[in-house]
Amino acid sequence: MTTTARPPLAHNALGRTASAENAGLTITDHGVTGLLVLRVKPERVELVKAVETVLGVALPGALQSATVDLAVVRWMSPDAWLISLEMTERERIEAALVQALDGHGAVVDVSGGYAHIELSGPSVLEVLKTSTAYDVHPDNFVPGKVVGTTFAKATVLLRALGGGSCEVLVRRSLADYVLLWLDKATTDVGMRYVNNSE
Amino acid sequence: MFLIHCPYCGEDREEEEFHAAGEAHIARPLDPDACSDEEWGNYLYFRRNPRGLHRELWVHVAGCGKYFNIARDTASYQIHGSYRIGERFTWSDAEDSAAP
Ligand SMILES: [Zn+2]
């Protein structure tokens, strides 16, 4: 039997429906993404190599991310990475990573544990400045950079994307709060919510 | 609000991203069963709490989640350095006389 995971923000019923042309902020909800937390000690070079062979990319260093066709790999901590991939790929990759680690690390499937949204539009920078303590100036927060920081009173993982857009990964239980915060933060510029989870 | 350098993220970040976790470098007795009540009590409950130079344990909760140490002046709030678990920190010569 297959069940369809319910996206974290599927129930949201915000009245904010600015049209595409004049929305200062567009929130694209990616719904439930395949997410794996990989933990391995970076000094275990042979294990890191084996993992990199599975992913097809080198594990990124501090505050960096790496993107390949299969997945986006985000640095979380000196010994932890968050990997997003298609839901259909996650079991295969999880099994391959577990095998690569040979018992000396951990792979945890946290799919569905996070809301995966993307912020775009002309007001992204202003909204981020309102919301996070991190220095989001484009000189500092360059595309591909990943930071764990605060977002209003929540804790999030932010990733700078090209064109001034920003990815936000927030724990499912705080996703509603972040959405309501964004709604409040954009009352004067308009917000558009796009469900991209199908 | 002040900035704290996380030695794992390698950046200065807002204090809001961190939690203080008390005095650093408190060694757990190697053989707790052989401790006197006084030794065990001192380990569990007693802290130096100095006015001035102090070494503290902090955790980057909103960031990398790692614990690390900060050498800080509790009177001026000046942070003299932050360093990873397992590393040593020495005060500069001028400060050495006041250091623990
Ligand atoms: Zn950190």
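Refer to the structure above for everything that follows.
Anyway, here's the lowdown on the structure attached to this text. (Residues numbered from 1 in each chain as written. Chains lettered and ligands numbered in written order. Predicted model: local features only at pLDDT ≥ 70, side-chain atom pairs only at ≥ 80, totals over all residues. Heavy atoms only, no water.)

### Focus on the overall build of chain A
Of the regular secondary structure elements, chain A holds four helices and 11 strands. The C-alpha radius of gyration computed for chain A amounts to 17 Å, which stays within 12% of the reference 16 Å derived for 198 residues, consistent with globular compactness. Counting only C-alpha atoms and orienting by the principal axes, one finds that chain A spans roughly 55 × 45 × 30 Å. Long-range pairs, those at least 24 residues apart, make up 63% of the contacts in chain A with a sequence separation of at least 6. Carbon and sulfur atoms provide 51% of the accessible area of chain A, an area that totals close to 9500 Å². On chain A, the mean spot of the 17 positive side-chain charges and the mean spot of the 22 negative ones are 5 Å from each other. (Helix = DSSP H or I, 4+ residues; strand = E, 2+ residues; numbered from the N terminus. Rg over C-alpha atoms; globule rule 2.2 N^0.38 Å. Contact = heavy atoms within 4.5 Å. Areas by Shrake-Rupley, 256 points an atom, 1.4 Å probe, with all protein chains shown as cover. Lys, Arg positive; Asp, Glu negative; His and termini not counted. Charge placed at Lys NZ, Arg CZ, Asp CG, Glu CD.)

### Describing the coordination of the zinc ion
All names here are of chain B. The protein atoms that coordinate the zinc ion are Cys6 (SG), Cys9 (SG), His60 (ND1) and Cys64 (SG), at distances spanning 2.0 to 2.5 Å. Coordination at the zinc ion is tetrahedral, judged from the four donor atoms that bind it and the angles of 105 to 117° they form at the metal. We classify Cys6 as buried; its relative accessible area is 0%. Assessed through its relative accessible area of 7%, Cys64 is described here as buried. (Donors = N, O, S within 2.8 Å, 3.2 Å for Na, K, Ca; no water. Tetrahedral: all angles 85-135°; square planar, octahedral: opposite > 155°, others 65-115°. Buried < 20%, exposed > 50% of the residue type's maximum accessible area, 1.4 Å probe, protein only.)

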